[in-house]
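# Observations on the three-dimensional arrangement
Spelled out, the chains give:
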Amino acid sequence: MKKTVHTFQEAKNLGEKLTMLTAYDYSTAKLIDEAGIDSILVGDSLGNVVLGYEDTISVTMEDMIHHGAAVARGVKEALVVIDMPFMSYQTSVYDAVVNAGRLMKEGRANAVKLEGGISICPQIKAITETGIPVVAHLGLTPQSINAFGGFKVQGKSEDAAKKLIEDAFAVQEAGAFAVVLECVPGKLAAIITEKLSIPTIGIGAGKECDGQVLVYQDMLGMFSDFVPKFVKQYTNVGHVMKEAFRQYKDEVSRGIFPAEENGYKIDDDVIEKLY
Ligand code: KIV
């Protein structure tokens, strides 16, 4: 059955954990969907893990639509959330609504995600009022990496923790149906999770969140440029891929691949007429 915003709220109400993974292409999305993961995030981490940028700043609306639509084509049940890229919503409420609409119409999203708290609430309110579900994103918000001065845990001081709680209430009030908490101390995330009526989805925010999200290349050991502490590698597909690539190179050089069974036949009399 197709997962919806109601699935998210029901899970929170029943105390059942939600699962979310990123995907950026059709075949990975299909595998994740078939594994029964509740939601697929077409994250702007696309910039890092797919496009090779050092941050998410350069990711465009066209990038998100292109990859979002590929993911949507591979999904039957999971709720597809597409990230609004840097400067597609910060500039004005009008831009936010128009760009959220494009992610729904052209990217075939079921919901959009945007970063920020109180300052971005007018955008969240306006988008949700058009009927587009919104996931908020608080804590370490990678689009503000230049303002943060690096990838740092957020909400550690009393003031910062109080601000994070205020932001969480504000995005809920503005209409967000879930909130991602990134790189937040576990005990603070637990307080926010208990106080909010909407589900929290944690990444580096401890186990008390209502759900968890990971970048799939991180959890499969496919991306080694930067591995945050909060990542658990469930396997090392990177090693498996490299080994297969080496074996392929070796077999091609030694004439082992392609073998007879990998080829197509033609009648000998046809071949004879070609000489
Ligand atoms: O872009 C992304 O992958 C994200 C997750 C880290 C939550 O926003």
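For the structure, see preceding data.
Residues numbered from 1 in each chain as written. Predicted model: local features only at pLDDT ≥ 70, side-chain atom pairs only at ≥ 80, totals over all residues. Heavy atoms only, no water.

## As for the pattern of salt bridges
Taken as a whole and assessed by the stated rule, the structure comprises eleven salt bridges. The shortest N-O distance in the salt bridge between Lys163 and Asp167 comes to 2.8 Å. Here Lys163 pairs with Asp167, and both are found in helix H8 (residues 158–174), just four residues apart, close to one helical turn. A relative accessible area of 39% places Lys163 in the partly exposed class. Assessed through its relative accessible area of 7%, Asp167 is described here as buried. Put simply, Glu243 and Arg246 hold a salt bridge, and the shortest N to O gap is 3.6 Å. Residue Glu243 and its partner Arg246 are located together in helix H11 (residues 237–253), separated by three residues, close to a single helical turn. A residue is classified by how much of its surface remains accessible, and Arg246, at 52% relative accessible area, is exposed. (Salt bridge = Lys/Arg side-chain N within 4 Å of Asp/Glu carboxyl O. Helix = DSSP H or I, 4+ residues; strand = E, 2+ residues; numbered from the N terminus. Buried < 20%, exposed > 50% of the residue type's maximum accessible area, 1.4 Å probe, protein only.)

## Overview of the packing of H8 against helix H9 (residues 186–195)
Look at H8 against H9: their axes get within 10 Å of each other, and the N-to-C directions meet at 30°. In terms of axis orientation, H8 runs roughly parallel to H9. Along this stretch, H8 crosses H9, giving a crossing that reads as right-handed. Of the residues in H9, those in contact with Ala161, Leu164, Ile165, Ala168 and Phe169 of H8 are Leu188, Ile191, Ile192 and Lys195. When grouped by side-chain class, the residues that make up the contact of H8 with H9 number eight nonpolar, no polar and one charged. (Axes fitted to C-alpha atoms, helices over the stretch in contact; angles between N-to-C directions. Parallel < 35°, antiparallel > 145°, perpendicular 65-115°, else oblique. Left-handed = near helix turned anticlockwise from the far one by under 90°. Contact = heavy atoms within 4.5 Å. Nonpolar A, V, L, I, M, F, W, Y, C, P; charged D, E, K, R; others polar.)

## As for the state of the cysteines
As used here, a disulfide is simply a covalent bond connecting the sulfur atoms of two cysteines. In total, this model carries zero disulfides according to the counting rule given. Cysteine Cys121 remains unbridged, with the sulfur of Cys209 as its closest cysteine sulfur at 19 Å. Of the residues examined, Cys121 reaches a relative accessible area of 12% and is grouped as buried. We note that Cys209 lacks a disulfide partner, and the nearest cysteine sulfur, in Cys183, lies 12 Å from it. (Disulfide = S-S within 2.5 Å.)

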